[in-house]
Amino acid sequence: TMSDPFSPPPAPSGSVTAEERQWAMFAHLSALVGGLLTSMLGGWGTFIGPLVIWLVKKETMPFVDDQAKEALNFNITMAIFSVAMLLLTLVTFGLGVIITVPLLVIVGIAWLVLTVIAAIKSNEGQAYRYPFALRLIK
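Residues numbered from 1 in each chain as written. Predicted model: local features only at pLDDT ≥ 70, side-chain atom pairs only at ≥ 80, totals over all residues. Heavy atoms only, no water.

A.B. asks: Is there a simple way to explain the overall build of the protein in this structure?
C.D. replies: Within the protein, the secondary structure is distributed over four helices and zero strands. Ordered by position in the sequence, the α and β elements of the protein form the string α-α-α-α. If you take every contact in the protein between residues at least 6 apart in sequence, the share linking residues at least 24 apart comes to 72%. Accessible surface, the protein as shown: approximately 8,000 Å² in total, 75% of it carbon and sulfur. (Helix = DSSP H or I, 4+ residues; strand = E, 2+ residues; numbered from the N terminus. Contact = heavy atoms within 4.5 Å. Areas by Shrake-Rupley, 256 points an atom, 1.4 Å probe, with all protein chains shown as cover.)

Here is the structure:
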């Protein structure tokens, strides 16, 4: 059966080491760093950090595997949303900015707040689930 791409996977169970909590926190915070480093290019680097951490740690740290995938899926979702807003602006010959700019500001603030909350929760050993994210990486 095909699983719902919007429903979050169950959180990993068991005790989480301090090192796993730290790497999970880095997976979330690396999206902020990537966004800042590529801000002049539209912030496209947000998914690079979570992707690298996931690829390096997925086999050895289940909690990091889970949280890096969560960060990666959330940032891919945000990138898709941003592209959709850009396309809406282009298709409407710029008139769409009346809608797209306020939406991008609101979603950008939500991205920042949710990313910080995710970093804090994962550093506490709690598996964080973003409230809206396409679950593309399973």
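Alright, that's what it looks like, and here's the rest.
A.B. asks: Whenever I open this one, helix α4 (residues 97-123) confuses me. Can you help?
C.D. replies: For α4, built from 27 residues, the straight-helix expectation of 39 Å at 1.5 Å per residue is met to within 8% by its first-to-last C-alpha distance of 38 Å. When we look at burial in α4, the residues that qualify are Thr100, Val107, Trp111, Leu114, Thr115, Ala118, Ala119 and Ser122. Those residues of α4 that are buried lie in contact with α1 (18-37) and α3 (62-91). Glycine 125 lies just past α4 and shows a positive phi near 85°. (Expected span 1.5 Å × (residues − 1). Buried < 20%, exposed > 50% of the residue type's maximum accessible area, 1.4 Å probe, protein only.)

A.B. asks: I would appreciate a short explanation of the pattern of salt bridges in the present structure.
C.D. replies: When the charged atoms of two side chains with opposite charge come close together, those side chains can pair. Under the defined criterion, the tally for this structure stands at four salt bridges. The partner of lysine 69 in a salt bridge is aspartate 65, and the shortest N-O contact between them spans 3.5 Å. Of this pair, lysine 69 and aspartate 65 both sit in helix α3, separated by four residues, roughly a single helical turn. One salt bridge in this structure joins aspartate 66 and arginine 129, with 2.7 Å as the shortest N-O distance. Linking aspartate 66 in helix α3 with arginine 129 in the segment after α4, this pair joins segments that are 63 residues apart in sequence. In this structure, aspartate 66 and arginine 129 share a single accessibility class: buried. Here the salt bridges do not stand alone but share partners, grouping Asp66, Glu70, Arg129 and Arg135 into one network. (Salt bridge = Lys/Arg side-chain N within 4 Å of Asp/Glu carboxyl O.)

A.B. asks: Even after reading the chapter, I still don't get the packing of aromatic side chains, so can you show me in this structure?
C.D. replies: For any pair of aromatic rings, the description rests on two quantities: the centre-to-centre distance and the angle between the ring planes. What the rule picks out here adds up to four aromatic pairs. Centre to centre, the rings of phenylalanine 74 and tyrosine 130 are 3.9 Å apart; their planes meet at 5°, and the pair counts as stacked. Residue phenylalanine 74 is located in helix α3, and its partner tyrosine 130 is located in the segment after α4; the two are separated by 56 residues in the primary sequence. A residue is classified by how much of its surface remains accessible, and phenylalanine 74, at 0% relative accessible area, is buried. (Phe/Tyr/Trp six-rings, centres within 6.5 Å; stacked < 30°, edge-to-face > 60°.)

A.B. asks: What am I meant to see in the environment of leucine 88 here?
C.D. replies: Note that leucine 88 resides in helix α3. When the C-alpha positions of leucine 88 and isoleucine 99 are compared, they lie 9.0 Å apart, and in sequence the two are eleven residues distant. Look past the residues within four positions of leucine 88 in its chain and what remains in contact with it is Gly96 and Thr100.

A.B. asks: It is not clear to me how the packing of α1 against helix α2 (residues 48-57) should be interpreted in this structure. Could you clarify?
C.D. replies: Pairs of packed helices are described in terms of their axes, by the angle between the two and the distance that separates them. Interaxial distance between α1 and α2 falls to 7 Å at its minimum, and their mutual angle equals 150°. Between α1 and α2, the interaxial angle falls into the category roughly antiparallel. Residues Glu19, Trp23, Phe26, Ala27, Ser30 and Ala31 of α1 form the contact with α2, whose own contacting residues are Gly49, Pro50, Ile53 and Lys57. Counted by class, the contact of α1 with α2 contains six nonpolar, two polar and two charged residues. (Axes fitted to C-alpha atoms, helices over the stretch in contact; angles between N-to-C directions. Parallel < 35°, antiparallel > 145°, perpendicular 65-115°, else oblique. Nonpolar A, V, L, I, M, F, W, Y, C, P; charged D, E, K, R; others polar.)

A.B. asks: Mind showing me how you'd approach the side chain of glutamate 20 here?
C.D. replies: Its location among the elements puts glutamate 20 in helix α1. Buried charge glutamate 20 goes without a salt bridge, the closest partner of opposite sign being arginine 21 at 8.0 Å. For glutamate 20, the contacting residues outside a window of four places in its chain are Ser15, Met61, Pro62, Phe63 and Val64. (Lys, Arg positive; Asp, Glu negative; His and termini not counted.)

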